[in-house]
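Descriptive analysis of the structure
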Amino acid sequence: MLLELENVNKTFSCNDHPVRAVEDLSLQLDRGQFTAVCGPSGCGKSTLLLICGGLLRPETGTVTLHGHNLLSLSTENRASVRAAHIGFVFQQFHLVPYLNVLDNVSAASLGLRSGSTEDRGSMETRALELIDRFGLRDRIRHLPAEISTGERQRVALARALLNRPKLLLADEPTGNLDEDNSQVVLDHLQEFAAADGAVLLVTHDAAAASRADCLVRMAGGQIVDPVMSKGEM
Amino acid sequence: MKLSHLVWREIVHRQGNFCLMLMSVILAVACGVCAITLFDAQHQYNQQQVGVLDDEIRKITKNMGFNILILPRDQNLADFYADNFAAQTMPESHVEQLAKSRDVFTIRHLRPALVRKLVWHEQKRQVILMGVRGVVPFAHRNPKKPLADPVPPGKIDLGHLLAEELAMTPGQRVTLLGVDFEVNKVNPVRGNKDDITVWVDLAQAQQMLHLPGKISMIQALECNCASVDRLAEIEAEVSGVLEDEVQVIELATKAIARAKARTRVSAEGEARLQRWRRIAAAVIPSTIVAAGLMVGLLSFANVRQRLQEIGILRALGLRSNQLLGVLLAKPAVVGMVGAVFGYLLGIGGAWSLEATWFISADSQAQPQWIFKFTVLLVVLLLTPLLTVMAGWLPAFYASGKDPAEILNLE
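Residues numbered from 1 in each chain as written. Chains lettered and ligands numbered in written order. Predicted model: local features only at pLDDT ≥ 70, side-chain atom pairs only at ≥ 80, totals over all residues. Heavy atoms only, no water.

Considering the sheet that holds strand β4 (residues 60-65) of chain A
All names here are of chain A. Strand order in the open sheet made by the 4 strands is β2-β1-β4-β5, with antiparallel pairing throughout. Of all the strands in the sheet, the pair left with one neighbour each is β2 (17-29) and β5 (68-69). Bridging between strand β1 (residues 3-14) and β2 involves 9 bridges; their strand directions are antiparallel. Residue pairing for β2: Ser13 is matched across the bridge by Pro18. On top of the sheet, helix α1 (residues 45-52) reaches β1, β2 and β4; it is set at about 125° to β1, its chief contact. (Pairing = 2+ DSSP bridges. Helix = DSSP H or I, 4+ residues; strand = E, 2+ residues; numbered from the N terminus. Contact = heavy atoms within 4.5 Å. Axes fitted to C-alpha atoms, helices over the stretch in contact; angles between N-to-C directions.)

So, in structure tokens, the structure goes:
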């Protein structure tokens with residue numbers, strides 16, 4: 001199993017009142033699996049994603065990624081695991097505004113420990129390959145502010161794939177995109193899963209969710225329906 | 001891609017923030033360096049001025065001690081200062097008495113003279129006539145090289161201005177008060193009453209002035225005294241020999257004037273130095289604090305602006321120490337660049353102020369570039385350290401931020 005969450009609980013404090021964002025949640029994700037998490041706003045989808053990525057620490061439960069218990073690792077080691085094994089794609093793209101397309105894609109390699117990195121030349125070659133693959137070659141020296149939203153999301157996707165992650169965590173990646181660009185992004189997510197990667201897509205878009213192999217519905221911080229495979233959806 | 005590339009791109013992207021930080025550091029360093037350099041310049045200038053006066057004193061007093069005049073007791077000093085010569089006379093034998101005395105130690109040379117201001121009828125000029133007989137040796141001491149040569153009888157020495165105006169040259173014959181003389185020599189320019197003086201043999205002068213055996217003063221030259229109250233010491237010795245028949249006054253020499261000027265310049269210089277010390281002591285800490293606050297505030301504004309970027313870099317797996325390095329690199333670069341340019345600006349500022357404050361308009365002197373390696377070293381090491389310290393708190397705050405919180409906020 002690539003990713004395994006067991007009995008995870010996460011509570012936030014809102015105006016001194018505890019709000020349970022994720023409650024006793026368990027989830028498994030294997031290689032080659034494209035899973036979509038659906039549900040209304042505030043149901044805990046994004047919190048689940050951040051917990052899976054080791055960016056948020058639940059109060060209880062365990063999160064295991066590729067054999068690493070993320071919660072037992074130090075912040076620094078968790079960051080290294082994240083850099084090596086996880087790719088993130090966000091709705092708002094979160095590109096570094098002063099880096100051009102090539103540098104934004106290459107920035108993903110900054111977190112890799114020197115022992116685990118491919119040499120700088122090969123990382124740049126891979127960045128160029130990804131840029132070509134996402135049709136951004138003629139935008140290579142452009143800043144994020146100088147390209148379209150669809151192109152920005154493709155840059156973010158290329159950045160997420162640079163370190164050859166095992167898990168791709170996508171938080172509403174098509175939320176700001178038109179139909180065509182959404183299809184391009186979802187095609188790439190599917191492609192990644194087909195190449196033995198695991199994808200966890202958080203979305204409230206039914207069309208996007210329909211591209212996944214499995215669907216998880218959430219409400220009030222819990223999984224409300226059992227995991228459904230594509231045939232059951 | 002390297003972290004340094006990230007730092008560089010950010011600096012280029014947010015030039016305004018970087019330039020403001022840099023300017024504040026450059027100004028602070030420049031003010032500090034300028035104050036220190038001007039302090040050094042003041043010190044050098046003081047030494048230079050005192051050195052010049054020391055040199056003049058040394059030249060003037062070379063082979064010459066403290067000079068005094070021994071005048072007749074009844075000579076009114078007010079008249080003496082007004083006329084520049086003593087109208088009263090005393091016996092020439094006083095010189096012999098002093099020369100023979102075993103109780104006179106402080107005076108090295110005795111030179112009697114009879115001086116009168118008179119009209120040179122033959123040339124229709126007012127001149128000072130000075131009858132001299134050279135230096136009288138002390139009977140009980142080893143003979144010393146005389147300070148002044150006597151004028152041979154029948155000869156006349158002329159002051160420079162007088163000889164020039166009367167077109168007289170050595171060897172020429174002249175008549176003074178009905179007596180024929182041959183011009184012995186023309187003295188060089190001295191810039192005082194000597195330039196309109198004529199020197200003749202003392203005996204001849206006494207004869208011409210109808211004052212046989214009389215002199216109007218004795219120049220006591222190269223007096224060396226151990227005590228501070230040197231005049232009193234010499235007067236005591238002279239009075240011991242001549243009792244109360246004479247009075248002793250100090251010759252107002254150039255050396256004394258220079259010595260007084262030296263004391264004054266030295267005191268004024270020290271006062272200015274103290275003022276610079278106070279200015280430097282006030283300027284340096286206040287500019288450091290001001291620049292530190294500026295860098296700190298601008299760093300804080302910068303990291304607030306970069307929170308989203310910080311969140312995504314953490315999500316990409318950047319460790320907090322890497323992030324801290326990225327955030328502190330900017331103040332470090334500001335410190336290094338600011339140190340170099342601030343130093344150069346400070347040195348340049350000091351150089352231009354040096355010309356305004358230390359060098360008078362009529363002076364030939366040029367302001368000097370004052371480089372001090374230790375100051376440069378301290379500036380180059382301390383400035384980046386201080387800017388990194390100023391940027392530490394904002395960087396620490398940002399690198400410790402929870403990425404999930406930042407990304408959720410977005």
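Structure's up, so let's keep going.
Here we look at α1 of chain A
Burial analysis of α1 of chain A places 7 of its 8 residues in the buried class, the great majority of the element. Listed as buried for α1 of chain A are Lys45, Thr47, Leu48, Leu49, Leu50, Ile51 and Cys52 of chain A. (Buried < 20%, exposed > 50% of the residue type's maximum accessible area, 1.4 Å probe, protein only.)

Some points on the packing of helix α1 (residues 3-13) of chain B against helix α10 (residues 320-357) of chain B
Residue and element names in this part refer to chain B. Packing of α1 against α10 brings their axes to within 10 Å, and their N-to-C directions diverge by 50°. In terms of orientation, α1 lies oblique with respect to α10. Pair α1 / α10 crosses with right-handed handedness. Residue-level inspection shows Leu3, Leu6, Val7, Glu10 and Ile11 of α1 in contact with α10, the latter providing Gln322, Val326, Ala329, Lys330 and Val333. (Parallel < 35°, antiparallel > 145°, perpendicular 65-115°, else oblique. Left-handed = near helix turned anticlockwise from the far one by under 90°.)

Overview of the interface of chain B and chain A
Facing 28 residues of chain B, the contacting portion of chain A comprises 28 residues. Between chain B and chain A, the buried area comes to about 2,600 Å², and carbon and sulfur atoms account for 60% of it. The largest share of the area that chain B buries against chain A comes from Met1, Leu316 and Arg319 of chain B, three residues that together contribute 28% of it. Linking chain B with chain A are 0 salt bridges. (Buried area = accessible area lost by both parts, 1.4 Å probe. Salt bridge = Lys/Arg side-chain N within 4 Å of Asp/Glu carboxyl O.)

Regarding the environment of Leu169 of chain A
Residue and element names in this part refer to chain A. Its place among the elements puts Leu169 in strand β7 (residues 167-171). The class of Leu169 is buried, set by a relative accessible area of 0%. C-alpha separation for the pair Leu169 and Cys52, spaced 117 residues apart in sequence, amounts to 8.1 Å. Apart from the residues lying within four places of it in its own chain, the contact partners of Leu169 are Leu49, Cys52, Gly53, Ile86, Gly87, Phe88, Val89 and Leu200.

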